[in-house]
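Summary of structural features
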Amino acid sequence: MTFFRIFIVFVFFLICGQFSGFSQEKEFKLQESNTKIEQKKSADKNEHFIKPEHSANKKVVSLFIVLAIMLLVLFYFVYENNKLKQKNKRKEIKQKIQLNIINASIDAQENERKKIAAFLHDNINSLLSSVGLHLNAFSAQNNIQSEELLKAKSILEDAHDRLRDMSHELIPALLVRFGLVYAIEDLCEKNSNSNLHFDFSNSIAAEVRYSEKIEIKIYFIVAELFNNIIKHSGANKAQISLQEIKNLLIIIIHDNGKGFNAEKLKDAEGFGLNRIRARIKKYKGTISITSKVNEGTSIKIKIPVTH
């Protein structure tokens, strides 16, 4: 009986121990579960704070990248712009040098023209005239009418006329004495013939005179353009008009010839347009050319002038 009681007590304590262990295990699991929940909450909370911070960092990095790209693009455009400016500057310097060379050459030619014309007119022609006078005086005093003497007089007169014409071609006497308007009108008359007629219109007073240098320059520009019309245009009619508006001399030359493609003026440089441009630019003038195939050519020149 005692043994049975001890056995019952042992079994009771054993069951109580089991229930106690189960209860402790359950409590431990509950605590562990609560701990995991707390950790998860803490992690969620930390993640909640970390995500905006990470997003802000991404935005800052993206902004720096965009700024760097913009700076690179800006640097590229500044570099290309400076490069283009330097190229244009070199081109302008080259053009100025070329214009100076052309103008120096033209000025030298015109100075030589004046010297040669003056020498022919004032010296050679004077000498020939003097020889003619002496021959006339000799033949009159000695009453000689030989054929050789008449031939000598004829040759002297011919030489005199040729030298006079040559001196006038170098520097027209009409230009020097009476001015640009008379000289260009005379140029139109000289170049007109049955195949090509030059019409002349003018609104400038006949007594108006410009500086000698600019009158010579304009005269030879017009003469060169006339020469181009005669040689290359195939026209049968041409017009030139002169007018002055507010100290600006305007010259318009038009022909009804075959024309050319004005967009390809490089093909026309053989007509001496580079020299003409150089002369006009020296006096701060402008030249514009309008031409179409089979529709003729119009050239407009504007040059500032003073009286």
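Fair warning: this is a prediction, and the values are worked out from it, not measured in the lab.

The rules behind the values
Residues numbered from 1 in each chain as written. Predicted model: local features only at pLDDT ≥ 70, side-chain atom pairs only at ≥ 80, totals over all residues. Heavy atoms only, no water. Helix = DSSP H or I, 4+ residues; strand = E, 2+ residues; numbered from the N terminus. Buried < 20%, exposed > 50% of the residue type's maximum accessible area, 1.4 Å probe, protein only. Contact = heavy atoms within 4.5 Å. Areas by Shrake-Rupley, 256 points an atom, 1.4 Å probe, with all protein chains shown as cover. Expected span 1.5 Å × (residues − 1). Pairing = 2+ DSSP bridges. Patch = residues over 30% accessible without salt bridge, like charges linked within 9 Å, V, L, I, M, F, W, Y side chains within 5 Å. Salt bridge = Lys/Arg side-chain N within 4 Å of Asp/Glu carboxyl O. pLDDT = per-residue confidence, 0-100. Axes fitted to C-alpha atoms, helices over the stretch in contact; angles between N-to-C directions. Parallel < 35°, antiparallel > 145°, perpendicular 65-115°, else oblique. Left-handed = near helix turned anticlockwise from the far one by under 90°. Nonpolar A, V, L, I, M, F, W, Y, C, P; charged D, E, K, R; others polar.

Topic: the overall build of the protein chain
Counting its secondary structure elements, the protein chain contains six helices and five strands. The 307 residues of the protein chain split such that 25% are buried. Long-range contacts, defined as pairs at least 24 residues apart, comprise 71% of the intrachain contacts of the protein chain with a sequence gap of at least 6. In the structure as shown, the protein chain presents an accessible area of about 22100 Å², 60% of it carried by carbon and sulfur atoms.

Some words on helix H4 (residues 180-191)
Two residues of an α-helix separated by three or four positions point the same way, owing to the 3.6 residues in each turn. In this model H4 runs 16 Å from its N-terminal to its C-terminal C-alpha over twelve residues, within 8% of the 16 Å that 1.5 Å per residue would give. At its buried positions, H4 is contacted by helix H3 (173-178), strand S1 (197-202), helix H5 (212-233), strand S2 (237-244) and strand S3 (248-255).

Digging into the pairing of S2
Two strands pair when backbone bridges link them, and S1 and S2 are joined in this way by six bridges, in the parallel orientation. Bridge pairing in S2 links serine 201 to serine 241. The pairing of S2 with S3 spans seven bridges and is antiparallel. The residue bridging alanine 238 from the neighbouring strand is aspartate 255, located in S3. Between S2 and S3, which pair antiparallel and follow one another directly, the connecting turn spans three residues, one of which, lysine 246, has a positive phi of 50 degrees.

A few points about the environment of isoleucine 301
Within the secondary structure layout, isoleucine 301 lies in strand S5 (residues 297-304). You can call isoleucine 301 buried: its relative accessible area is 1%. When sequence neighbours within four positions are dropped, the list of residues in contact with isoleucine 301 reads Ile221, Leu225, Leu249, Ile250, Ile251, Ile280, Thr286 and Ile287.

Quick notes on a nonpolar patch on the surface
Together, Val60, Leu63, Phe64, Val66, Leu67 and Met70 make up an exposed nonpolar region whose accessible area comes to about 590 Å². Considering the arrangement of structural elements, one finds leucine 67 in helix H1 (residues 2-142). Leucine 67 sits in the partly exposed class, given a relative accessible area of 40%.

Considering the pattern of salt bridges
By the definition in use, this model includes four salt bridges. With a shortest N-O distance of 3.0 Å, glutamate 215 and arginine 209 are connected by a salt bridge.

A closer look at the confidence of the model for the protein chain
Taken residue by residue, the protein chain gives an average pLDDT of 77. The fraction at 70 or more is 69%. Ranking the elements of the protein chain by mean pLDDT puts H1 last with 67 and S3 first with 96. Counting contacts from residues 18-23, a segment whose pLDDT is below 50, to residues more than four positions away or on other chains yields zero contacts.

Focus: the packing of H4 against H5
Two numbers describe how H4 lies on H5: the axes approach to 10 Å, and their chain directions differ by 20 degrees. In terms of their interaxial angle, H4 and H5 are classed as roughly parallel. Note that H4 runs across H5; the crossing there is right-handed. Contacts from Leu180, Ala183, Ile184, Leu187, Cys188 and Asn191 in H4 reach Glu215, Ile218, Tyr219, Val222, Ala223, Phe226 and Ile230 in H5. A class-by-class count of the residues in the contact of H4 with H5 yields eleven nonpolar, one polar and one charged.

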